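Residue-level structure breakdown
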Amino acid sequence: VLRQPLELLLFMFVKKLNAGFALTYNHDDSGRGLYKNDVFNFSYAQHLYVFDKQIKLIPSLQVGGFVRHTDRSKLSFPEGDMANIYLRTEYPWVWSNITPVSQKANFDASAGLMIQHKNFIFGSSVCHFTQPDEGLYGVQKLPFLLNIHSSYNWIIKEKFLINLSGR
């Protein structure tokens, strides 16, 4: 039975503050309770203008966390080394060397900055810069992700433009 994950999003823009806020929640249940994943975040982005509103800066911050849970009573492995059920390959350790935890909860944070000047946009973000440990079977740090992107809108005429972008 395939189940769709539960996703909730609440977003609002406060014009007086020229800022946006978002609350997100995602729940995923795999294998009928074998693995459950709950992720929750609070995001904030502020629109700032500099040089007589010629340049728009949008710094953003996202803080949140996750709770991962495994029901160990539903796990079964062949005797000897722990096997990867999906690829049918052996891991180089035995089950007794790793004590799995049934639940892992951790804090996570990300940040970004977008700069816009007329038709040119440049942005960068660093996701998971806290590198939380998400491993249920040993330490597994979530790697940070650096994203850099740029875009230029070349307006040919009123209803026709060419967008050049890179990431």
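That block above? That's the structure.
First things first, this report covers the structure right here in the doc.

What counts, and where the lines are drawn
- Residues numbered from 1 in each chain as written.
- Predicted model: local features only at pLDDT ≥ 70, side-chain atom pairs only at ≥ 80, totals over all residues.
- Heavy atoms only, no water.
- Pairing = 2+ DSSP bridges.
- Helix = DSSP H or I, 4+ residues; strand = E, 2+ residues; numbered from the N terminus.

1. A look at the pairing of strand 5 (residues 55-70)
Sheet topology note: the strand 3 (residues 35-46)/strand 5 ladder contains 11 bridges and is antiparallel. Bridging across to strand 5, Phe-42 finds its partner in Val-63. Two elements, strand 4 (residues 48-50) and strand 5, share three bridges in a ladder whose sense is antiparallel. Of the residues in strand 5, the one forming a bridge with Tyr-49 is Lys-56. With antiparallel pairing between neighbouring strands as the criterion, strand 4 and strand 5 make up a hairpin whose turn holds four residues, including Phe-51 at a positive phi of roughly 55°. Sheet analysis places strand 5 next to strand 8 (residues 103-117), joined by 15 bridges and oriented antiparallel. Within strand 8, the residue paired with Lys-56 across the bridge is Gln-116.

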